[in-house]
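Listed below, chain by chain, are the residues.
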Protein chains: 2
Amino acid sequence: MNKIYVVGIGPGAYEKMTIEAAETLKRCDCIVGYDVYIDLVRDHFADKKFLSTPMRKEVERCVMAFDEANKDQTVAMICSGDAGVYGMASLIYQVGADYPETEIEIIPGVTAAVSGAAVLGAPLIHDFCLISLSDLLTPWELIESRLKAAAAGDFVVSLYNPSSIKRHDYLQKACDILMDYGKAPETVCGIVKMIGREGQSCETMTLAELRDTKVDMFTTVFIGNSSTMNMNGKMVTPRGYKNV
Amino acid sequence: MNKIYVVGIGPGAYEKMTIEAAETLKRCDCIVGYDVYIDLVRDHFADKKFLSTPMRKEVERCVMAFDEANKDQTVAMICSGDAGVYGMASLIYQVGADYPETEIEIIPGVTAAVSGAAVLGAPLIHDFCLISLSDLLTPWELIESRLKAAAAGDFVVSLYNPSSIKRHDYLQKACDILMDYGKAPETVCGIVKMIGREGQSCETMTLAELRDTKVDMFTTVFIGNSSTMNMNGKMVTPRGYKNV
């Protein structure tokens with residue numbers, strides 16, 4: 001069947017995928033994805049054809065998926081976390097404008113804000129926002145305006161792509177903006193590395209401490225709202241602003 | 001074992017649960033939850049003990065779970081969507097302060113912003129925020145300030161609890177605030193009803209049209225950013241602001 005599923009595989013470990021995602025991958029002829037994600041699933045779907053491209057070759061990866069589907073194949077394009085949160089879902093629709101004969105279906109998964117939150121305790125719980133600190137596709141001025149808005153609205157914030165070799169001071173800049181626009185330096189924060197993969201670790205700290213913490217690109221960062229508490233090392237945001 | 005798992009079961013259908021969530025429920029002695037969620041899983045775990053309380057009896061439900069765990073039982077507290085997004089995870093930690101002998105573990109799931117997005121196409125993709133319009137536990141002024149911040153930051157917005165019998169005009173008020181603070185009336189929006197359950201439906205429209213649309217409490221609402229497009233009825237937000 002000429003069809004592409006865009007499948008969020010969750011943070012990495014097989015059992016953190018939805019049952020629907022696992023069944024979809026079983027049903028497909030070919031699995032397309034970034035090398036690292038292919039390696040996460042390969043052993044569980046050994047009979048499939050695998051196609052991959054390196055990072056930043058996302059458009060080529062989509063074209064590859066449509067070309068394969070056009071051979072009357074069922075194709076799964078895999079993404080880590082969710083397919084629709086910093087994933088490939090929208091690019092598949094955009095590239096798919098040139099392939100009207102191919103059906104597209106999105107199979108959602110657990111994104112890092114949600115899987116990382118479960119490791120830290122219950123940091124999100126209520127209103128929150130996700131902001132990527134990568135300025136590869138988004139101007140830094142827009143990222144900055146979103147950080148200001150997030151602070152002004154007392155949102156819990158989850159930061160994706162908090163750092164890279166080129167952007168080693170972006171987390172520090174982000175923390176400074178959040179503090180300048182209303183978040184207290186003692187706001188409870190947390191970081192989770194390698195969520196759902198070997199070597200997973202987490203830590204809680206204040207926003208002032210987070211500012212001076214080095215993180216890598218495999219880290220997801222959480223910044224609490226004004227009610228977030230540190231309960232014996234767990235980061236916990238109450239559901240509302242009235243007493244339990 | 002004296003342990004409580006707080007388990008996000010996803011939108012409803014069994015296969016939309018993670019493999020980890022299903023395995024956790026299989027391993028438990030007792031499943032605790034709101035009646036409606038218990039009914040969603042009961043047939044798949046028929047040998048379990050089930051305990052439930054009606055809506056708004058959340059603290060009692062947590063105490064019930066800890067009392068059961070204290071009989072040296074393994075207990076699952078289930079939540080629809082994710083356990084840590086408008087779910088029971090934080091309340092379990094708060095009530096758990098009185099039950100230090102009970103271990104707590106959070107098993108994440110697919111929240112409605114993510115599962116609903118998959119139905120509409122790819123509305124989130126990039127930075128977004130979740131806002132609940134329920135003022136049961138949060139003052140309306142704070143909700144309003146978050147709507148203003150979300151508009152100012154050009155975030156994609158997913159609204160939870162957009163309406164109820166008492167709050168029939170809240171979505172209209174929210175749309176007016178978003179338009180007053182920067183979102184264009186022609187912003188692409190979408191609604192999804194009964195995500196992942198029988199009777200699922202979705203619709204795309206403009207923000208001006210959304211303002212005059214009646215929704216119920218089983219609806220999740222999506223409001224695009226300034227780049228979000230309607231592509232043949234699919235709501236698609238591009239990954240960045242530079243051309244593909």
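Residues numbered from 1 in each chain as written. Chains lettered and ligands numbered in written order. Predicted model: local features only at pLDDT ≥ 70, side-chain atom pairs only at ≥ 80, totals over all residues. Heavy atoms only, no water.

Colleague: Talk me through the pattern of salt bridges; I want residue IDs and the actual numbers.
Modeller: All names here are of chain A. Under the criterion given, the structure shown has 21 salt bridges over all chains. Its salt-bridge partner being Arg42, residue Asp39 comes within 3.7 Å of it at the nearest N-O pair. Arg42 sits in the partly exposed class, given a relative accessible area of 37%. Through salt bridges that share partners, Lys3, Glu103 and Glu105 make up one connected network. (Salt bridge = Lys/Arg side-chain N within 4 Å of Asp/Glu carboxyl O. Buried < 20%, exposed > 50% of the residue type's maximum accessible area, 1.4 Å probe, protein only.)

Colleague: Let's hear about the packing of aromatic side chains: which residues, and what values?
Modeller: Scanning the model with the defined rule gives ten aromatic pairs over all chains in all. Taken together, a centroid distance of 4.6 Å and an interplanar angle of 15 degrees make the contact between Phe66(A) and Tyr99(A) stacked. Highlighted residues: Phe66(A) in helix 3 (residues 58–69) and Tyr99(A) in the loop between helix 4 (89–96) and strand 5 (103–107), separated in sequence by 33 residues. With a centroid separation of 5.1 Å and 85 degrees between ring planes, the pair formed by Tyr34(B) and Tyr37(B) is classed as edge-to-face. Comparing Tyr34(B) with Tyr37(B), the two get one shared label, buried. The ring of Phe155(B) carries the charged tip of Arg146(A) above its face, separated from the ring centre by 5.5 Å. In this structure, Lys173(A) is placed above the aromatic ring of Trp140(A), and the distance from its NZ or CZ to the ring centre is 4.5 Å. (Phe/Tyr/Trp six-rings, centres within 6.5 Å; stacked < 30°, edge-to-face > 60°. Helix = DSSP H or I, 4+ residues; strand = E, 2+ residues; numbered from the N terminus. Lys NZ or Arg CZ within 6 Å of the ring centre and 35° of its normal.)

Colleague: Go over the interface of chain A and chain B, please, and point to the residues and values.
Modeller: By a widely used convention, the size of an interface equals the accessible area lost when the partners come together. Listed per partner, the contact involves 66 residues of chain A and 66 residues of chain B. Where chain A abuts chain B, roughly 5700 Å² becomes buried across the two surfaces, and 65% of that area is made up of carbon and sulfur atoms. Scanning the region where chain A abuts chain B turns up four salt bridges. Between Glu20(A) and Lys16(B) there is a salt bridge, and its shortest N-O distance comes to 2.9 Å. Summed over the shared surface of chain A and chain B, the result is 30 residue pairs in polar contact (both at pLDDT 80 or more). Classifying every residue of the side of chain A that touches chain B by side-chain character gives 36 nonpolar, 17 polar and 13 charged. Bridging between strand 7 (residues 128–132) of chain A and strand 7 (residues 128–132) of chain B involves three bridges; their strand directions are antiparallel. Opposite Cys129(A), over in strand 7 of chain B, you have Cys129(B) as the bridge partner. (Contact = heavy atoms within 4.5 Å. Buried area = accessible area lost by both parts, 1.4 Å probe. Polar contact = N/O pair within 3.5 Å; in protein donor to acceptor, adjacent residues only side chain to side chain. Nonpolar A, V, L, I, M, F, W, Y, C, P; charged D, E, K, R; others polar. Pairing = 2+ DSSP bridges.)

Colleague: Before we move on, can you summarise the relation of the copies chain A and chain B with the specific residues and values?
Modeller: By a simple turn and slide, chain A fits onto chain B: the slide is 0.0 Å along the axis, the RMSD is 0.0 Å, and the turn is 180 degrees. The superposition of one copy onto the other is thereby described by a two-fold rotation axis. Most of the interface of chain A is mirrored in chain B, where 100% of its interface residues are also at the interface. (Least-squares fit on C-alpha atoms with pLDDT ≥ 70 in both.)

Colleague: Describe helix 6 (residues 140–152) of chain A, with residues and values.
Modeller: The terminal C-alpha atoms of helix 6 of chain A lie 18 Å apart, and with 13 residues this matches the ideal 18 Å at 1.5 Å per residue to within 8%. Of the residues one or two after helix 6 of chain A, Asp154(A) is the one with positive phi, at around 50 degrees. (Expected span 1.5 Å × (residues − 1).)

Colleague: Quick rundown of the confidence of the model for chain A? Include the residues and the values.
Modeller: Atom-level detail of predicted coordinates should not be read off regions where pLDDT is low. On average, residues of chain A score 94 in pLDDT, and 98% of them are at 70 or above. Interface confidence for the predicted complex, expressed as ipTM, amounts to 0.95; the pTM equals 0.96. (pLDDT = per-residue confidence, 0-100.)

Colleague: Hey, could you go over the environment of Ile4(A) for me, with residue numbers and the actual values?
Modeller: All names here are of chain A. With respect to the helices and strands, Ile4 occurs in strand 1 (residues 3–8). Ile4 gets classed as buried once you look at its relative accessible area, which sits at 0%. Here the alpha-carbon distance between Ile4 and Tyr99, two residues 95 residues apart in the chain, equals 11 Å.

Colleague: Explain the side chain of Asn2(A) residue by residue, including any values.
Modeller: All names here are of chain A. Position of Asn2 relative to the elements: it lies in the segment before strand 1. For Asn2, a relative accessible area of 15% translates into the label buried. Polar contacts involving the side chain of Asn2 include one to the side chain of Asn70, which spans 3.0 Å. At 2.9 Å, the side chain of Asn2 forms a polar contact with the side chain of Thr102. Asn2 has contacts with Ala69, Asn70, Asp72, Gln73, Glu101, Thr102 and Glu103, leaving out every residue within four places of it along the chain.

Colleague: Just give me the short version of the side chain of Asp154(B), but keep the residues and values in it.
Modeller: Examined against the element boundaries, Asp154(B) turns out to sit in the loop between helix 6 (140–152) and strand 8 (156–160). Buried charge without a partner: Asp154(B) forms no salt bridge, and the closest opposite charge is Arg146(A), 4.0 Å away. One polar contact links Asp154(B) to Ser226(B), side chain to side chain, over a distance of 2.7 Å. (Lys, Arg positive; Asp, Glu negative; His and termini not counted.)

Colleague: With reference to specific residues and values, describe the sheet that holds strand 13 (residues 234–236) of chain A.
Modeller: Through backbone hydrogen bonds, the strands of a sheet pair up, either in parallel or in antiparallel fashion. Residues and elements named next belong to chain A. Pairing in this open sheet of three strands is mixed, and the strands run 6-13-12 from one edge to the other. Bordering the open sheet on either side are strand 6 (121–122) and strand 12 (229–231), each of which pairs with just one other strand. As judged from the two bridges shared by strand 6 and strand 13, these two strands associate in the parallel manner. Bridged to Ala122 within strand 13 is Val236.

Colleague: Talk me through the pairing of strand 1 of chain A; I want residue IDs and the actual numbers.
Modeller: Residue and element names in this part refer to chain A. Among the six residues of strand 1, six are classified as buried, and the element is accordingly described as predominantly covered. Along strand 1, one buried face is formed by Lys3, Tyr5 and Val7 and the opposite face, lined by Ile4, Val6 and Gly8, is buried too. Bridging between strand 1 and strand 5 involves five bridges; their strand directions are parallel. When the sheet's bridge partners are listed, Val7 is paired in strand 5 with Ile107. Relative to strand 4 (residues 74–79), strand 1 is paired through six bridges, and the arrangement is parallel.

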